[in-house]
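The chain contents come next:
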Amino acid sequence: MSILSPQQRHALHNLLVALIHQEKATVLIPPYASEPGFWFGGGNMVQGEHGTLWLCGRYRNYGDSRTGLGAGQRGLECALFRSDDGGESFIKARSWSKADLSFDNRHVLSIEGTALHRQENGSWELFVSSEKDLSYPDDIHHYQKPGTGVWTVDRLTGASVDTLDTATIEPVLENDEYPAYLHIKDPVVFDQADGTTALIFCSHPYSWTSTNSGLATRVPGGQQFAVANWEIVSRGATWDVAATRITGQMRIPKVGLFAGQPDATLYFYDGAECLRPLEENQAGYKRPRGYSCEEIGGVLFGWDNDFPHMERLSMLEPLFISPNGTGASRYTDVLVTNEMLFATWEQSQADGSQPLVGHTLSKDEVQGLLE
C-alpha cells in the first residue's frame, strides 16, 4: 500500500483549513432560536438530477441526552432542504416530527443524526437515528435513567426525494447484545467501488463514557446491513481520547500530488477529551476541551482499497475549532461535485447556538492547494 508522503500531508492540511474555513463560513440553516442548546445539522448533502442539492439534518432544541426529556426537547424534527442555485439558498422541502418517525409502539424521544443516500438504481433512502423509549437489557437495566431510552437507526425509502414515505420506515441497526456499544446513531452512508454500501455509525456504551465509530455493510443488491466492526478506529490519545465519531467523508480529488495515486478518502470526525465538563487548572494552558455536546473536529485518512483502515491527521490537537461560543465545530461533511467542494458543519456562535454553516472551494482552488 502507498504511504502518505510528508508533501501530501502538508497539502491535505492546507486544503482542509481552507475548506473548513471558520471565519469565511456562511450560515445555511439557522436553528429555531439563537440560544445555547439550539442547533441544526447532523446530516449530509447530495447532488441530484439537474444539479439540485439536497440537504438533510435535524433541528435540535435545548436538552441533555444524559438526563432525559425532563431537561428539554432535544432533537425534535428531521428536515430536508433543496437548493436550485448551487447552494446560495436552501428551501425546506420535507420534514418529519418525532411522532411521524415513531412506529410499532417505538416512541421517538429524540431525533438524532441523519443521512441521505441515492442508490445505484436511482431510488433514494433517508437514514434517521433516534432515541426511542426502549429498555436497557435486563443485566444492565439499573443503569437506565428515568426518561431516557436507546438509540437506533431506521430508514425511509422512495423512488425520489419527494416520495420518501414514513410508511416505508423500518429498523436498520439496533443493538441489545453488546452493552459496550448499546446506543447506535449518526449514520454516514456511501458506496464503495465494488458496489458495497458502507454505513459508518456512532455508538455509546450503556455508561455514557465514550463515543466510538463502527461499520455496517450491505452487499450489492441487498436490503439488510450487517455490523462488520464495532470500532473501525480507536479513540485518540490526547484531545480526542473520549470520542472519535466519524461524521462524513470526502474522496480526495485526483489532482496535483494525488494525480495518478490510488483512490483515497478523508474521514471527518468529532473528538472530545471527556463526555463531562472538566475543571481546568486556572494556571494551565487554556484550550477547547471538547465538552459533552460541544465537540471539536479532526480528520482521518485512508486508501480506499485498504478500507476501513485509517490513520489520523490530527494527532495532538484538533483541526477545526469555532472562534466563537464554546468552540464547537462538528458534524462536518463535504460534497464533491465537478465544480467544487462544498463543506457543511455545525459551528458554535457567540450566542451559544449552532447553525449549519458552509464554505466552498472551486475546482481551480482545490487544484492549487494540492499541488
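Note that this is a predicted model, so its numbers are computed, not measured.

S.K.: Hey, could you go over the sheet that holds strand S17 (residues 296–303) for me, with residue numbers and the actual values?
M.R.: The antiparallel open sheet is built from 4 strands, whose spatial order is S15-S16-S17-S18. Where the open sheet ends on each side, the last strands, each with one partner, are strand S15 (243–251) and strand S18 (311–312). As paired strands, S15 and strand S16 (residues 264–272) are joined by 8 bridges and run antiparallel to one another. Paired with Met250 across the strands is Leu266, a residue of S16. Here helix H1 (residues 6–19) sits on the sheet and contacts S15, S16, S17 and S18; the angle it forms with S16, its principal contact strand, is near 60°.

S.K.: Quick rundown of the pattern of salt bridges? Include the residues and the values.
M.R.: Counted under the stated rule, the structure contains 22 salt bridges. Residue Arg118 is joined to Glu49 by a salt bridge in which the shortest nitrogen-to-oxygen separation is 3.3 Å. Linking Arg118 in strand S7 (residues 108–118) with Glu49 in the loop between strand S3 (45–47) and strand S4 (53–60), this pair joins segments that are 69 residues apart in sequence. Between Asp240 and Arg312 there is a salt bridge; the shortest N-O distance is 2.9 Å. Linking Asp240 in the loop between strand S14 (226–229) and S15 with Arg312 in strand S18, this pair joins segments that are 72 residues apart in sequence. Taken as a pair, Asp240 and Arg312 share a single burial class, namely buried.

Rules used throughout
- Residues numbered from 1 in each chain as written.
- Predicted model: local features only at pLDDT ≥ 70, side-chain atom pairs only at ≥ 80, totals over all residues.
- Heavy atoms only, no water.
- Pairing = 2+ DSSP bridges.
- Helix = DSSP H or I, 4+ residues; strand = E, 2+ residues; numbered from the N terminus.
- Contact = heavy atoms within 4.5 Å.
- Axes fitted to C-alpha atoms, helices over the stretch in contact; angles between N-to-C directions.
- Salt bridge = Lys/Arg side-chain N within 4 Å of Asp/Glu carboxyl O.
- Buried < 20%, exposed > 50% of the residue type's maximum accessible area, 1.4 Å probe, protein only.

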